Amino acid sequence: MEGTKPVNKKLTAALSGGAVLVLALSGCSSDDGSGSGGGNDKLNSWAKQVCDALKPQAQKIQEANAAIQKQTSDNSTPEAVQNTDAQAFQDMSDAYKALGTAVDNAGPPDVEDGKTKQANAVKELNALSASYADLKTQVAKLDTKDQAKFAEGLKDVATQLGKLSQSGNDPLKQLEQGDVGKAMAQQEGCKSASGSPAAVNG
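Residues numbered from 1 in each chain as written. Predicted model: local features only at pLDDT ≥ 70, side-chain atom pairs only at ≥ 80, totals over all residues. Heavy atoms only, no water.

(A) The environment of Thr84, seen in detail. Relative to the helices and strands, Thr84 resides in helix H3 (residues 78-106). Under the relative-accessibility criterion, Thr84 is labelled buried at 17%. For Thr84 and Ala67, which are 17 residues apart along the polypeptide, the C-alpha to C-alpha distance reads 6.7 Å. Setting aside anything within four residues of it in sequence, one finds Thr84 in contact with Ala67, Ile68 and Gln71. (Helix = DSSP H or I, 4+ residues; strand = E, 2+ residues; numbered from the N terminus. Buried < 20%, exposed > 50% of the residue type's maximum accessible area, 1.4 Å probe, protein only. Contact = heavy atoms within 4.5 Å.)

Here's what the structure looks like:
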């Protein structure tokens, strides 16, 4: 009766996709070759504010991912899996909410359609926060006494998580295109949030 383990691995795979969303916002993937980037002080100041806020939230999301991954590697009880997953989803919900607030507080970036891009990104981040909160509630309600039922419930969560990680990151991508992405890629907060050196140097 090891039904929970492969399902929780599926959960981990889906989560890895979810973490991409926050890294998309970091601008570290920005490399479209257009725009001037570094010369706009207002834009650089905006990027610094967002990236400084991004760094701790990206770390929180990565730690939540790591906690769930750890539960797939040892022989965890359904109760332990439930507690860890519920806490991880709560942490992710909090992190995306904080990111939405940070982008909102930063105001629109000083680029064409900046206001629309900002509003779309805030809306998307808040929606992600709400979705992870829903997943937390769902995991918390699972029946840990019945291994088969628990594994089945976890499978549903993994399916929803997979959809969540693939959907709706266009506004985030739009936010970090062109000059905005270049400005963000210069910021230490965004470089470290990506977990790898930024490819854009100037």
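(B) Just the state of the cysteines, in detail. A complete count under the given rule lists one disulfide for this structure. Across the disulfide from Cys51 sits Cys190; the S-S distance is 2.0 Å. What sets the handedness of the Cys51 and Cys190 disulfide is the S-S torsion sign, and at about -85° it is left-handed. In this pair, Cys51 sits in helix H2 (residues 41-73) while Cys190 sits in helix H8 (residues 188-193), placing the two residues 139 residues apart along the sequence. The pair formed by Cys51 and Cys190 is uniform in burial state, with each residue classed as buried. (Disulfide = S-S within 2.5 Å.)

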